[in-house]
Amino acid sequence: MTLANPVPQPSFEPRVPFTPIGATCAVRPMVSLAGFTSYRVGGPAEWFVSPRTLEDLRACFAWATAEGLPLTLLGLGSNLLVSDRGLPGLVICTRHLRQTQFDEETGRLTAAAGEPIARLAWKAADRGWAGLEWAVGIPGTVGGAVAMNAGAHQACTADILVKAQLVTQAGETQELSPADLGFRYRTSILQGDTSRLVTQATFQLFPGAGAAVVTAETRACQERRHATQPYHLPSCGSVFRNPEPRTSGWLIEQTGLKGFQIGGAQVSPMHANFIVNLGNATASDVYRVIRYVQEKVSQRWDITLEPEVKIWGEF
């Protein structure tokens, strides 16, 4: 079944005059966010900036506060659906905040917020440090992994996190422990909190396992995900949280929704908890598939599937 859907247009234009923040921190108006999300859909940011230093990040917060602009914090955009209408205010993209440090004495890895967590998994494997193998298939950043307690293969960020450093909208630095972060399944107290941003995180890993052993396990984790999930098409990964004891994928498949399609968005025939962009999807297409799946699963099983994907903007 395939339905059509019109593409909504942005409902705003930049409301404040441009003010340069810094030589390495150019703020740009009306930047399309489609290229900054794994779904490859979404409208423009009213203002967009990608700071490279902590000082630039503080300046971005200060500028948004002075202009009264709402803030949106964006990592790799892998667990995200942005409205075709775009996002008002300032979108701060953290993907250029990158730095890693391996402490040989303690076995701890400290990484900046913009580091891809999957790349860290390979770096750790090359050193023979165990503990991050599960993260190899997660297409997100360190900051995003902390905020959402990313996980896979019965492991998660909370298992290895020692501490996270944050900066507040007022420019102050905070250091939070796992207990402070209130970790639960795929979430933390940072979800939806735009008043502060993870700038770096420290993880406890386990040196001495041997590069060959850790690399083999990391590769096995990657292969298991690629064998069962449609990585060949744009998606956000798993769309819905698993309502124990069933998985969302099983419920959706048993409801007969594999292959269901609206516009260019489709419930993957390979894995029912993935909604994929066949190449011409809009954010509205994806959103309508999400709501349709929720409705049909609720009718069949009396279970309301809760989205794991973050949905931003007006739909």
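Residues numbered from 1 in each chain as written. Predicted model: local features only at pLDDT ≥ 70, side-chain atom pairs only at ≥ 80, totals over all residues. Heavy atoms only, no water.

Draft legend 1. Main features of the pairing of strand β7 (residues 100-103). When β7 meets strand β8 (residues 108-112), the two strands line up antiparallel, connected through 4 bridges. Within β8, the residue paired with Gln101 across the bridge is Thr110. Between β7 and β8, which pair antiparallel and follow one another directly, the connecting turn spans 4 residues, one of which, Gly107, has a positive phi of 75 degrees. (Pairing = 2+ DSSP bridges. Helix = DSSP H or I, 4+ residues; strand = E, 2+ residues; numbered from the N terminus.)

Draft legend 2. Summary view of the side chain of Asp285. Within the secondary structure, Asp285 sits in helix α8 (residues 283-301). For the buried Asp285, no salt bridge is present, and the opposite-charge side chain at shortest range is Arg288, 5.4 Å distant. A polar contact of 3.2 Å, which involves the side chain of Asp285, links it to the backbone nitrogen of Gly264. (Buried < 20%, exposed > 50% of the residue type's maximum accessible area, 1.4 Å probe, protein only. Lys, Arg positive; Asp, Glu negative; His and termini not counted. Salt bridge = Lys/Arg side-chain N within 4 Å of Asp/Glu carboxyl O. Polar contact = N/O pair within 3.5 Å; in protein donor to acceptor, adjacent residues only side chain to side chain.)

Draft legend 3. Inspection of the environment of Arg291 at higher detail. Along the chain, the position of Arg291 falls in helix α8. Separated by 14 residues in the primary sequence, Arg291 and Leu305 place their C-alpha atoms 9.6 Å from one another. Each residue touching Arg291, except ones within four places of it in the same chain, is listed here: Pro307 and Ile311. A distance of 2.6 Å separates polar atoms of two side chains, one belonging to Arg291 and the other to Gln294. (Contact = heavy atoms within 4.5 Å.)

Draft legend 4. Expanded view of the layout of surface pockets. Reported here for the second largest pocket is a volume of approximately 170 Å³. Taken together, Arg52, Thr53, Leu54, Leu57, Leu97, Arg98, Gln99, Ala112, Gln165, Thr199 and Gln200 make up the full set of residues lining the second largest pocket. Listed by contribution, the elements that provide at least two residues to the lining of the second largest pocket are α1 (54-67) and β13 (196-204). (1 Å grid on protein atoms, 1.4 Å probe; cavity = no way out; pocket = protein on both sides within 12 Å on 5 of 7 lines; lining within 4 Å. Points joined across faces, edges and corners; volume = space filled by probe spheres on them.)

Draft legend 5. The side chain of Asp84, seen in detail. The residue Asp84 is located in the loop between β5 (80-82) and β6 (87-93) in this model. Buried Asp84, no salt bridge; nearest opposite-charge side chain is Arg85, N-O distance 7.8 Å. Separated by 3.0 Å, the side chain of Asp84 and the backbone nitrogen of Ala283 make a polar contact.

Draft legend 6. Molecular detail of the pattern of salt bridges. All chains considered together, the criterion is met by 7 salt bridges. Note that Asp193 is salt-bridged to Arg196, the shortest N-O span being 2.9 Å. The same class applies to Asp193 as to Arg196, namely buried. Between Arg241 and Glu306 there is a salt bridge; the shortest N-O distance is 3.3 Å. Highlighted residues: Arg241 in the loop between α6 (211-228) and α7 (248-254) and Glu306 in the loop between α8 and β17 (310-312), separated in sequence by 65 residues. Looking at Arg241, the relative accessible area reads 14%, which means it is buried. Residue Glu306 is classed as partly exposed on the basis of its relative accessible area, which comes to 47%.

Draft legend 7. Layout of the sheet that holds strand β4 (residues 71-74). Read from one edge of the open sheet, 4 strands run β2-β3-β6-β4, paired in mixed fashion. Bordering the open sheet on either side are β2 (28-32) and β4, each of which pairs with just one other strand. Strand-to-strand twist across the sheet, computed as the mean angle between neighbouring axes with direction ignored, equals 45 degrees. Two elements, β4 and β6, share 4 bridges in a ladder whose sense is parallel. Of the residues in β6, the one forming a bridge with Leu71 is Leu90. Sitting on the sheet, α1 touches β3 (44-49), β4 and β6, and the angle it makes with β6 is about 170 degrees. (Axes fitted to C-alpha atoms, helices over the stretch in contact; angles between N-to-C directions.)

Draft legend 8. Representation of α6. An ideal rise of 1.5 Å per residue puts 26 Å on 18 residues; α6 measures up with 26 Å between its terminal C-alpha atoms. For α6, the full list of buried residues reads Val214, Thr215, Thr218, Cys221 and Arg225. Buried residues of α6 fall within an arc of 125 degrees about the axis and therefore sit on the same side. Those residues of α6 that are exposed and angled more than 90 degrees off the buried face are Ala212, Val213 and Ala227. The elements touched by buried residues of α6 are α2 (117-127) and β9 (151-152). (Expected span 1.5 Å × (residues − 1). Arc of directions from axis to C-beta.)

Draft legend 9. Broad picture of the sheet that holds strand β11 (residues 161-168). Strand order across the open sheet formed by 5 strands is β7-β8-β13-β11-β12, with antiparallel pairing between neighbours. A single partner strand is all that each edge strand has here, and the edge strands are β7 and β12 (173-176). For this sheet, the mean inter-axis angle between neighbouring strands, taken without regard to orientation, is 20 degrees. Sheet strands touched by α1: β11, β12 and β13. Its angle to β11, the strand with the most contacts, is close to 50 degrees. Packed onto the sheet, α2 meets β7 and β8 and runs at close to 30 degrees relative to β7.

Draft legend 10. The arrangement of the nonpolar core in detail. Ile117, Leu132, Val146, Leu181 and Leu205 are the most contacted members of the largest nonpolar core, which has 34 residues in total. Of all the elements in the fold, those that place two or more residues in this core are β8, α2, α3 (142-148), β11 and β13. Here this core gets 5 residues from one element, more than from any other, and that element is α3. (Core = buried A, V, L, I, M, F, W, Y, C linked by side-chain atoms within 4.5 Å.)

By themselves, these are just geometric observations and shouldn't be taken as functional.
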